[in-house]
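Fold and contact review
So you can see what is in the structure, the chains are spelled out below.
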Amino acid sequence: MKYANVILPLPLEDSYTYRIPPEMEKAVTPGCRVLVHFGKKRYYTAIVLSIHERTPDAGFETKEISALLDTAPVLRRPQLRFWEWIASYYLCKMGDVYKAALPSGLKLESETTVTCNHAFETDLPLRPNEQSVLDAFSGKSTLTLSEVEKKSGIRNVVPVISSLMARGAVEINEELKQGFVPKKQAFVRLPELYYREEKLREAFRELKRAPKQEAMLICYLDMSHALNPQLSKELSKKELLDRSGYTPAVLDRLIRRGLLESYEKEIGRLQIPVCRLEQLAPLTDAQRIAYNEILQAFKSKEVCLLHGVTSSGKTEIYTHLINDVLKKGRQVLYLLPEIAVTTQITGRLAKLFGDKLLVYHSKFSDNERVEIWNKLLYEKEARLILGVRSSLFLPFKDLGLVIVDEEHENTYKQQDPAPRYHARNAAIVLAGMHGAKTLLGSATPSIDSYYNATTGKYGLVELKTRYADCLMPEITVVDIKELKRKKIMKNTLFSPLMVQKINGALENGEQVILFQNRRGFAPVTECRDCDWTPRCINCDVSLTYHKYDNRLICHYCGYSVQRPFMCPQCSGTDLKMSGFGTEKIEEEVGQLFPSAKIERLDFDSARTRTGYERIIADFEKGKTHILIGTQMLSKGLDFSNVGIVGILNADSMMNFPDFRAHERAYQLMVQVSGRAGRRDKQGSVILQTSQPEHPLIRMTQQFAYDEMVKLQLSERSMFRYPPYYRLITIVLRSRNEASLQEMSLLYAEKLRARLGERVLGPVSPPVTRVQTFHVKKIVLKIEVTAAITPVRELLENIHAAMRQHLPFKQLLVHYDVDPV
């Protein structure tokens with residue numbers, strides 16, 4: 001008897017054992033998908049991890065695999081090794097990795113469906129929640145559980161469904177959800193009979209009294225070149241209808257006469273239109289030197305850091321390196337931190353590499369992502385994959401190069417849910433598994449990467465001049481504290497100098513970027529009479545006012561309420577708003593510059609793929625004059641006509657309670673400044689701050705990256721922070737604050753008994769309650785020379801000991817390795 005160890009898409013133990021039916025023994029292989037029964041009623045798509053003949057322990061019932069879903073594995077062997085490394089290093093379960101790695105379209109699982117008994121009658125009155133659930137079935141007899149929740153507006157609908165089941169009002173069933181569905185399109189062709197000239201003439205004589213059908217047939221022959229075997233091509237119904245200008249009814253009559261045949265064909269969803277491929281642009285002398293130094297570094301190092309100032313042409317160097325690897329028949333992974341940046345660079349790469357380019361990120365549909373997965377799995381052609389962090393999990397056959405652009409960005413770190421991996425670090429491991437090289441690129445490298453490069457772990461190549469010797473932007477610091485004291489900036493967000501510079505840029509036909517790393521209109525609303533502030537019911541934060549839909553919204557859990565016009569505490573009507581976000585800037589800019597076309601680029605305005613693309617394309621084409629945005633603006637976007645960049649408030653970035661706050665503030669300010677004056681002219685940056693004498697402001701003004709790194713490294717060495725130590729944060733959450741306090745103290749005590757001074761906490765984070773859960777954190781500072789495996793074993797042993805305490809079982813615990 002053969003058995004399979006399988007991984008389920010659940011945060012449970014690493015694998016489960018199932019019996020392989022005799023008829024499947026030859027077909028089941030590691031990496032293929034099987035359907036298994038788990039729990040009382042649920043079915044899940046599991047991935048086969050290994051096959052063996054060891055009989056499980058007596059007393060355990062071994063279930064049988066229900067179905068084999070693949071004739072060949074959907075994972076390559078290095079992928080499972082990579083999953084194991086992620087699970088081991090980031091202290092999570094293989095099921096967590098599986099859930100993040102595989103597109104939903106490849107995961108077949110059962111979904112609970114609820115069927116309404118329309119003949120149900122009751123003598124007892126229904127509760128309002130029960131009535132809402134039954135009302136959701138109006139016009140339908142069956143809904144999925146998620147549809148019932150959506151239609152009824154009840155967040156936890158399961159208890160209500162259980163109550164209605166007991167009364168006989170509804171029934172529940174488990175149905176398998178359909179995964180990937182190939183996209184099909186209707187095409188038309190000429191029947192073989194009419195390739196003979198006399199038959200075709202006869203057909204046209206038949207159509208003399210049907211001029212529309214005759215014209216459509218002529219149009220088909222003209223477009224398809226059906227009678228010329230060398231030029232003939234397939235023609236879709238849509239193309240024929242669009243070109244001929246006639247209705248589908250005309251085409252249907254031609255098909256009924258037998259003069260055309262209709263057939264369906266599977267087509268790809270991944271169309272990147274390219275008319276003609278362009279040649280690679282020649283490198284400048286400075287770029288050529290950097291390119292050669294990178295190749296030299298790759299001879300002795302697996303990883304190289306390219307530290308090139310903004311607008312130095314790092315992308316041009318990337319394209320030459322990509323071309324070299326593709327010519328060798330190997331694959332390239334080009335990672336970017338944000339979907340917004342992929343939008344702009346896709347067009348540039350498509351012109352150079354055509355259909356070798358594949359783009360992969362979360363804004364694509366499940367079916368599109370499965371198509372990309374299958375292309376990489378089954379096709380042998382060398383490919384360039386452009387994507388965000390989730391691209392790491394694709395089934396690469398032979399990676400030759402991994403490029404991590406803007407490697408300093410903290411969006412490379414996955415936060416929730418697990419696995420909480422850092423894509424930059426994981427990319428280096430993945431490249432090593434394929435024998436590939438890794439190139440990290442940034443104008444403001446992370447201190448961790450720069451330290452590794454300067455201490456010899458990575459190669460280091462520096463590109464210190466801008467393309468075409470363009471000057472770095474001039475940064476002018478404005479003291480807004482002094483201006484407010486003198487009442488010059490009383491009711492405005494803009495200093496007179498910034499207004500003057502924006503006016504000048506608009507008059508010269510130049511564009512303007514305004515940066516504020518906070519979305520919404522105002523982060524705090526306060527009653528002047530009694531100091532009441534609206535707060536989230538689920539989190540320990542104030543609600544941010546969004547003027548666009550006149551609501552107060554929590555940025556942690558999404559809870560929202562209509563903005564009140566009077567204070568619910570004292571009934572006062574004098575509600576004051578403090579602080580400002582991108583919406584407030586947009587409103588004031590509209591008043592100051594009424595003739596300018598203004599756009600906003602933040603999470604609210606660019607929630608969809610097309611939203612990103614439209615905003616960026618309009619700014620590139622010059623349709624938008626002023627672009628206001630959050631950190632999305634700092635991520636390597638290339639605009640040729642930006643004359644002025646305005647940073648409205650540098651203080652909020654510098655004053656954040658985090659040991660990386662100054663590093664991040666410097667990176668953000670320099671990256672945003674780099675959008676100004678690209679290509680052939682020097683730009684201007686107006687930096688507003690109430691701390692003009694702060695060392696970090698001076699370093700930003702002088703682009704003194706090395707000085708900033710030196711200062712930060714001396715502090716981190718003293719206080720035992722990365723890159724000298726590895727951080728592991730243990731996050732404990734509970735709805736019971738007293739239990740959380742008691743258990744977190746006990747947990748820290750047990751850790752301290754084994755790790756001593758390496759344990760800090762438990763401490764409360766700046767936001768002490770998120771999504772109804774109180775939060776405590778314990779921080780471990782582990783020497784970088786220490787292996788992660790013994791640390792994992794120690795944590796697992798202490799966690800198992802803690803589970804002996806009943807209150808601990810009510811806590812949610814997770815680990816965050818290398819938090820950002």
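Up top is the structure these notes are about.
Residues numbered from 1 in each chain as written. Predicted model: local features only at pLDDT ≥ 70, side-chain atom pairs only at ≥ 80, totals over all residues. Heavy atoms only, no water.

1. A look at the overall build of the chain
Of the regular secondary structure elements, the chain holds 25 helices and 34 strands. Its C-alpha atoms give the chain a radius of gyration of 31 Å, within 12% of the compact-globule value 28 Å for 820 residues. With respect to the principal axes defined by its C-alpha atoms, the chain has extents near 90 × 75 × 70 Å. Relative to its 820 residues, the chain shows a buried fraction of 50%. Of the roughly 39,200 Å² of accessible surface on the chain, a fraction of 49% belongs to carbon and sulfur atoms. Taking the average location of the 114 positive side-chain charges in the chain and that of its 97 negative ones, the two points are 1 Å from each other. (Helix = DSSP H or I, 4+ residues; strand = E, 2+ residues; numbered from the N terminus. Rg over C-alpha atoms; globule rule 2.2 N^0.38 Å. Buried < 20%, exposed > 50% of the residue type's maximum accessible area, 1.4 Å probe, protein only. Areas by Shrake-Rupley, 256 points an atom, 1.4 Å probe, with all protein chains shown as cover. Lys, Arg positive; Asp, Glu negative; His and termini not counted. Charge placed at Lys NZ, Arg CZ, Asp CG, Glu CD.)

2. Focus on unusual backbone geometry
Residue Pro417 is reached from Asp416 by a cis peptide bond, and omega for that bond is -5 degrees. The linkage connecting Pro722 with the following residue, Pro723, adopts the cis geometry, with an omega of 10 degrees. Its identity is not glycine, yet Asn550 carries a phi of approximately 55 degrees, on the positive side. Mapped onto the secondary structure, Asn550 falls in the loop between β22 (544-546) and β23 (551-553). With a phi angle near 55 degrees, Gln771 is a residue other than glycine that sits in the positive phi range. Here Gln771 shows up in the loop between β32 (769-770) and β33 (773-783). According to the relative accessible area criterion, Gln771 is partly exposed, its value standing at 40%.

3. Overview of the environment of Pro692
Among the structural elements, Pro692 can be located in the loop between β29 (684-689) and α22 (695-701). Judged by relative accessible area, which is 25%, Pro692 ranks as partly exposed. Excluding residues within four positions of it along the chain, Pro692 makes contact with Val477, Asp479 and Ile697. (Contact = heavy atoms within 4.5 Å.)

4. Some details on the sheet that holds strand β26 (residues 598-601)
Ordered by their spatial adjacency, 6 strands build an open sheet running β19-β29-β28-β20-β27-β26, and the pairing between neighbours is parallel. A single partner strand is all that each edge strand has here, and the edge strands are β19 (474-479) and β26. In this sheet, neighbouring strand axes are inclined to one another by 20 degrees on average, regardless of whether the strands run parallel or antiparallel. In the sheet, strand β20 (residues 511-515) pairs with strand β27 (residues 626-629) via 4 bridges, with the strands oriented parallel. Each bridged residue has a counterpart across the sheet, and for Ile513 the counterpart in β27 is Leu627. (Pairing = 2+ DSSP bridges. Axes fitted to C-alpha atoms, helices over the stretch in contact; angles between N-to-C directions.)

5. So, the environment of Ser578
Here Ser578 shows up in strand β25 (residues 575-578). Apart from the residues within four sequence positions on either side, Ser578 is in contact with Ala522, Pro523 and Val524.

6. Focus on the nonpolar core
Counting 114 residues, the largest nonpolar core has Trp83, Leu392, Tyr747, Leu751 and Leu780 as the members making the most contacts within it. Every residue in contact with Leu392, bar those within four places of it in the chain, is listed here: Phe82, Leu333, Leu335, Tyr421, Ala423, Ala426, Ala427 and Leu430. Judged by nonpolar contacts, the second largest core, of 33 residues, contains Tyr291, Cys304, Ile317 and Leu349. (Core = buried A, V, L, I, M, F, W, Y, C linked by side-chain atoms within 4.5 Å.)

7. Let's talk about helix α13 (residues 366-378)
With 13 residues, α13 extends 18 Å between its outermost C-alpha atoms, agreeing within 8% with the 18 Å of an ideal straight helix rising 1.5 Å per residue. Among all positions of α13, only Asn367, Glu368, Arg369, Val370, Glu371, Ile372, Trp373, Leu376 and Leu377 are buried. (Expected span 1.5 Å × (residues − 1).)

8. Side note on the sheet that holds strand β14 (residues 357-360)
In space, the 7 strands of this open sheet follow the order β14-β15-β13-β16-β17-β12-β18, with parallel pairing throughout. In this open sheet, the two strands that pair with only one neighbour each are β14 and β18 (459-463). Sheet twist, expressed as the average angle between the axes of neighbouring strands with direction ignored, equals 20 degrees. Of the strand pairs in this sheet, strand β16 (residues 399-405) and strand β17 (residues 437-442) are connected by 5 bridges, and their pairing is parallel. Across the sheet, the residue bridging to Asp405 is Gly441, located in β17.

9. A short note on the pairing of β33
With respect to burial, β33 is a largely interior element, 9 of its 11 residues being buried. The pairing of strand β31 (residues 759-763) with β33 spans 3 bridges and is classified as antiparallel. Its bridge partner lying in β33, Leu760 is registered against Val779. The hairpin turn running from β32 into β33, its antiparallel successor, is 2 residues long, and Gln771 in that turn takes a positive phi close to 55 degrees.

10. Considerations on the side chain of His307
Inspection of the secondary structure puts His307 in strand β12 (residues 303-308). A polar contact is formed between the side chain of His307 and the backbone oxygen of Ala443, at a distance of 3.2 Å. Apart from residues lying up to four places away in sequence, His307 is in contact with Ser442, Ala443, Pro445, Tyr450, Leu460, Val461, Glu462, Leu463 and Tyr705. (Polar contact = N/O pair within 3.5 Å; in protein donor to acceptor, adjacent residues only side chain to side chain.)

11. So, the packing of helix α7 (residues 211-224) against helix α9 (residues 248-257)
Where α7 meets α9, the closest approach of the two axes is 9 Å, and the angle between their N-to-C directions is 85 degrees. As judged from the angle between their axes, α7 and α9 are roughly perpendicular. Along its contact with α7, which presents Lys212, Gln213, Met216 and Leu217, the element α9 presents Val250, Leu251, Arg253, Leu254 and Arg257. Here the contact of α7 with α9 is built from residues that sort into 5 nonpolar, 1 polar and 3 charged. (Parallel < 35°, antiparallel > 145°, perpendicular 65-115°, else oblique. Nonpolar A, V, L, I, M, F, W, Y, C, P; charged D, E, K, R; others polar.)

12. Regarding the pattern of salt bridges
Per the stated rule, a full pass over the model turns up 35 salt bridges. Put simply, Arg716 and Asp448 hold a salt bridge, and the shortest N to O gap is 4.0 Å. Taken as a pair, Arg716 in helix α23 (residues 705-719) and Asp448 in helix α15 (residues 447-454) lie far apart in primary sequence, 268 residues in all. Given a relative accessible area of 2%, Arg716 falls into the buried group. Owing to a relative accessible area of 19%, Asp448 belongs among the buried residues under this scheme. (Salt bridge = Lys/Arg side-chain N within 4 Å of Asp/Glu carboxyl O.)

13. Here we look at the packing of helix α1 (residues 77-89) against helix α2 (residues 94-101)
Following both chains from N to C, one finds α1 and α2 inclined at 125 degrees, their axes separated by 9 Å at the closest point. Judged by the inter-axis angle, α1 sits oblique to α2. Along this stretch, α1 crosses α2, giving a crossing that reads as right-handed. Between α1 and α2, the contacting residues are Leu80, Trp83, Glu84, Ile86 and Ala87 on the first element and Met94, Val97, Tyr98 and Ala101 on the second. Within the contact of α1 with α2, the residues separate by chemical class into 8 nonpolar, no polar and 1 charged. (Left-handed = near helix turned anticlockwise from the far one by under 90°.)

14. As for empty space enclosed by the protein
What the rule picks out here adds up to 1 cavity of 30 Å³ or more. In this structure, the largest cavity spans a volume of roughly 50 Å³. Along the walls of the largest cavity sit Arg76, Pro78, Gln79, Phe82, Trp83, Leu392, Phe393, Leu394, Phe396, Leu430 and His434, which together make up its complete lining. Among the elements of the structure, α1 and α14 (423-434) are those that each provide at least two residues to the lining of the largest cavity. (1 Å grid on protein atoms, 1.4 Å probe; cavity = no way out; pocket = protein on both sides within 12 Å on 5 of 7 lines; lining within 4 Å. Points joined across faces, edges and corners; volume = space filled by probe spheres on them.)

15. Topic: the packing of aromatic side chains
Within the structure shown, the criterion is met by 17 aromatic pairs. Aromatic side chains Tyr318 and Tyr334 sit 5.6 Å apart centroid to centroid with 85 degrees between the ring planes, which places their arrangement in the edge-to-face category. Placement of Tyr318 in helix α11 (residues 314-327) and of Tyr334 in strand β13 (residues 331-335) is noted, with a sequence separation of 16 residues between them. You can call Tyr334 buried: its relative accessible area is 0%. Centroid distance Phe659 to Tyr721: 4.3 Å. Interplanar angle 15 degrees. Geometry classified as stacked. Note that Phe659 is positioned in the loop between α20 (651-654) and α21 (661-673) and Tyr721 in the loop between α23 and β30 (725-734), a separation of 62 residues in sequence. Aromatic ring contacts, followed pair by pair, group Phe82, Trp85, Tyr89, Tyr90, Phe393 and Tyr421 into a single cluster. Directly above the aromatic system of Tyr545 lies the positively charged group of Arg563, at a separation of 5.1 Å from the ring centroid. Taking the ring centre of Phe773 as reference, the NZ or CZ of Arg733 above it sits at 5.5 Å. (Phe/Tyr/Trp six-rings, centres within 6.5 Å; stacked < 30°, edge-to-face > 60°. Lys NZ or Arg CZ within 6 Å of the ring centre and 35° of its normal.)

16. Description of helix α25 (residues 788-802)
Relative to the 21 Å expected for 15 residues at 1.5 Å per residue, α25 spans 21 Å between its end C-alpha atoms, a close match to the ideal helical length. Listed in full, the buried residues belonging to α25 are Ile788, Val791, Arg792, Leu794, Leu795, Ile798 and Met802. Looking straight down α25, one finds its buried side chains confined to an arc of 165 degrees; they lie on one side. In this structure, the buried residues of α25 make contact with α1, β30, α24 (737-755), β33 and β34 (812-817). (Arc of directions from axis to C-beta.)

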